[in-house]
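# Coordinate analysis (summary)
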Amino acid sequence: MITLGIEGTAHTVGIGIVNDEGDILANVSSSYVPKEGIHPREAANHHADTVSSLISTALKEANITKEDIDVVAFSQGPGLGPCLRTAATAARSLSLRLNVPLVGVNHCIAHLEIGKVRTEAVDPVLLYASGGNTQVIAFSRGRYRVFGETLDIGLGNMLDKFGRENGMSFPAGPVIEQKAKKGKILVDLPYSVKGMDLAFSGIMTAALNSDAELNDLCYSIQETTFAMLVEVTERALAHTRKDEVLLGGGVTRNKRLQEMGEIMAEERGSSFYVPDGELCIDNGTMIAWTGWVMYQAGMSIKVKDSGIKQGYRTDEVDVLW
Ligand code: ATP
Ligand code: FE2
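So, here is what we can say about the structure in this document.

What counts as what
Residues numbered from 1 in each chain as written. Chains lettered and ligands numbered in written order. Predicted model: local features only at pLDDT ≥ 70, side-chain atom pairs only at ≥ 80, totals over all residues. Heavy atoms only, no water. Salt bridge = Lys/Arg side-chain N within 4 Å of Asp/Glu carboxyl O. Helix = DSSP H or I, 4+ residues; strand = E, 2+ residues; numbered from the N terminus. Pairing = 2+ DSSP bridges. Axes fitted to C-alpha atoms, helices over the stretch in contact; angles between N-to-C directions. Contact = heavy atoms within 4.5 Å. Donors = N, O, S within 2.8 Å, 3.2 Å for Na, K, Ca; no water. Buried < 20%, exposed > 50% of the residue type's maximum accessible area, 1.4 Å probe, protein only.

For the rest of this paragraph, the subject is the pattern of salt bridges. Within this structure, the stated rule accounts for eleven salt bridges. Ionic pairing is found between Glu113 and Lys116, a salt bridge with its closest N-O pair at 3.8 Å. Linking Glu113 with Lys116, this pair stays in helix H3 (residues 107-118), spanning three residues, or about one helical turn. Here Asp123 ties to Lys242 by a salt bridge, and the two come within 2.9 Å at their closest N and O atoms. Here Lys242 lies in the loop between helix H7 (214-240) and strand S11 (244-248) and Asp123 lies in the loop between H3 and strand S6 (125-129), a separation of 119 residues in the sequence.

And the structure:
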């Protein structure tokens, strides 16, 4: 059985094709690069312009034809309305044309499911840090629950905004990572963990108003925000009594964050998993795989029920699989 997944929650439109074993037959994507902050309409136009040629490319890469597709999955939310609508429209029309089931996938859960199938993780605590999202997620009592999350902006968006104000190209996360390596002095920035939740905008304001040298600021932003992420992840491990840490989301490609996460996991006697970089960022493969897993559990939907969910919560989904 073959599932095609369409991701389109934010900057990236991605097509993934997987078989029922979780082998990746194709994984292609195209990203809208904003000049200023992300403009949802422009990103959606980019997705509309590229989605059908991406589907053709993915089919070619997988060496199959449309008729070989058994299930179509799409990112139903959370995300930016116009982007979600574009991906959903493409998925609906493909499913109708091929007369195959349609599955709506929660994007955050997909980050976790792809990590589970592509690593040895079985029942992990997921540290998911991307542009728009920052959450610590784990399975508990029939659902994936959010144990901690950002109260304001996603960490990646904060890094990108700080970078933009300092003349860095987009996305700024990798640029900040390189500059941080040259930083030596830890600048005092507001460490803000509130209960299990996190806040980043105060750190950004403090960093933007600081006179410190740029490399030192990059270093300090990373050390401070990553320590916050790792602290909340560790508390979620303790609370859930789980012993596996899984990373997901573009920010978790950062080697320093991986190092800090791994040290924490090791000290607790927990295992630590990072999926391939291509699967950490937004991708169609994670949507395809999660769609397949959900389809098997009877979770396909009718087109009339396939409306997008901009504020789709991780813990709204009954995990029947
Ligand atoms: P979503 O929030 O819907 O998951 P996104 O488009 O932000 O969407 P990703 O592709 O997962 O999703 O992540 C992009 C973010 O990751 C950007 O903010 C980028 O700056 C950040 N990023 C990428 N590489 C690194 C890195 N090496 N270090 C820190 N941040 C990084
Ligand atoms: Fe994501």
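That covers the picture; the talk isn't over yet.
The subject of this paragraph is the sheet that holds strand S4 (residues 71-77). Taken in spatial order, the five strands of this open sheet run S3-S2-S1-S4-S5, and their pairing is mixed. The sheet terminates laterally at strand S3 (24-31) and strand S5 (102-106), the two strands that pair on one side only. The mean angle between the axes of side-by-side strands here comes to 20°, regardless of whether they run parallel or antiparallel. Note that strand S1 (residues 2-7) and strand S2 (residues 12-19) share six bridges and pair antiparallel. When the bridges of S2 are listed, Leu4 appears paired with Ile17. Along the sheet face, H3 touches S1, S3, S4 and S5 and points at about 95° away from the line of S5. Lying on the sheet, helix H10 (residues 284-296) is in contact with S1, S2, S3, S4 and S5; it crosses S1 at an angle near 130°.

Coordination of the iron ion (ligand 2) by the protein comes from His107 (NE2), His111 (NE2), Tyr128 (OH) and Asp282 (OD), over a distance range of 2.1 to 2.4 Å. Look at where the donors of the iron ion (ligand 2) fall in the sequence and you get H-x3-H-x16-Y-x153-D. Taken together, the residues span a long stretch of sequence, with His111 in helix H3 and Tyr128 in strand S6 at a distance of 17 residues. For His111, a relative accessible area of 1% corresponds to the buried category. Under the relative-accessibility criterion, Tyr128 is labelled buried at 0%.

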